[in-house]
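This is what each chain is made of:
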Amino acid sequence: MDLDLDLPLAGHTIRRVEADAVIVDSTRLAQSFLLSPSTLLSNWPFTTVEQLDDDATRAILALKPELVLIGSGPRQVFVAPAIQAAFLRHGIGIECMDNHACARTFNLLAGEGRHVVAAVLLP
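The structure contained in this document is the topic of the report that follows. Predicted model only: the values in this text are computed from it and were never measured. Numbers given for residues are sequential positions, taken from 1 along each chain in its written order. Totals for whole chains, interfaces and linings use all residues, but because this is a predicted model, local features are given only for residues with pLDDT of at least 70 and pairs of side-chain atoms are given and counted only at 80 or more. Hydrogens and water are ignored here; the side-chain numbers use all heavy atoms of the structure.

### Re the pattern of salt bridges
Alright, step 1. By definition here, a salt bridge exists when the distance from a side-chain nitrogen of Lys or Arg to a carboxyl oxygen of Asp or Glu is within 4 Å. Here the structure, examined in full by the defined rule, presents 5 salt bridges.
Alright, step 2. The shortest N-O distance in the salt bridge between Glu18 and Arg28 comes to 3.1 Å. In this pair, Glu18 sits in the loop between β1 (14-17) and β2 (22-24) while Arg28 sits in strand β3 (residues 27-29), placing the two residues 10 residues apart along the sequence.
Alright, step 3. Accessibility expressed as a relative area gives 24% for Glu18, which makes it partly exposed.
Alright, step 4. Salt-bridge contacts for Arg28 lead to Asp20; the nearest nitrogen and oxygen are separated by 3.3 Å.
Alright, step 5. Three or more residues are tied together by salt bridges with common partners; here these are Arg16, Glu18, Asp20 and Arg28. Note on conventions: DSSP H or I runs of at least 4 residues are helices, E runs of at least 2 residues are strands, and numbering of each starts at the N terminus. Each residue is placed in one exposure class: buried if its accessible area under a 1.4 Å probe, protein chains only, is under 20% of its type's maximum, exposed if it is over 50%, and partly exposed if it falls in between.

Here is the structure:
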């Protein structure tokens, strides 16, 4: 039987989610951030789903995602219908989930070579 080493694609990986921070690669982030497999934008100024607006949408769209994950904190909170509609008008899917689920989903999709963007909200 042949065994092949399956190395993950190069790119950012969420290593751990804590109550007040997220570890991306070897960096501890204690403020909200945007993450794609190739880009990390730290100190994103939004801390709750309710704050997400047109500026937030533009920042995410600038990363050219095929799918957007919203990590809404310790529990799942859905974005406003207008925010969902903004992404859907561009043909981009959007999913809202707690930060733990967001981390798992991001790592899985990025590992498949998908251009996913995670907007992870921290207080």
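Still to come is the rest of the account.
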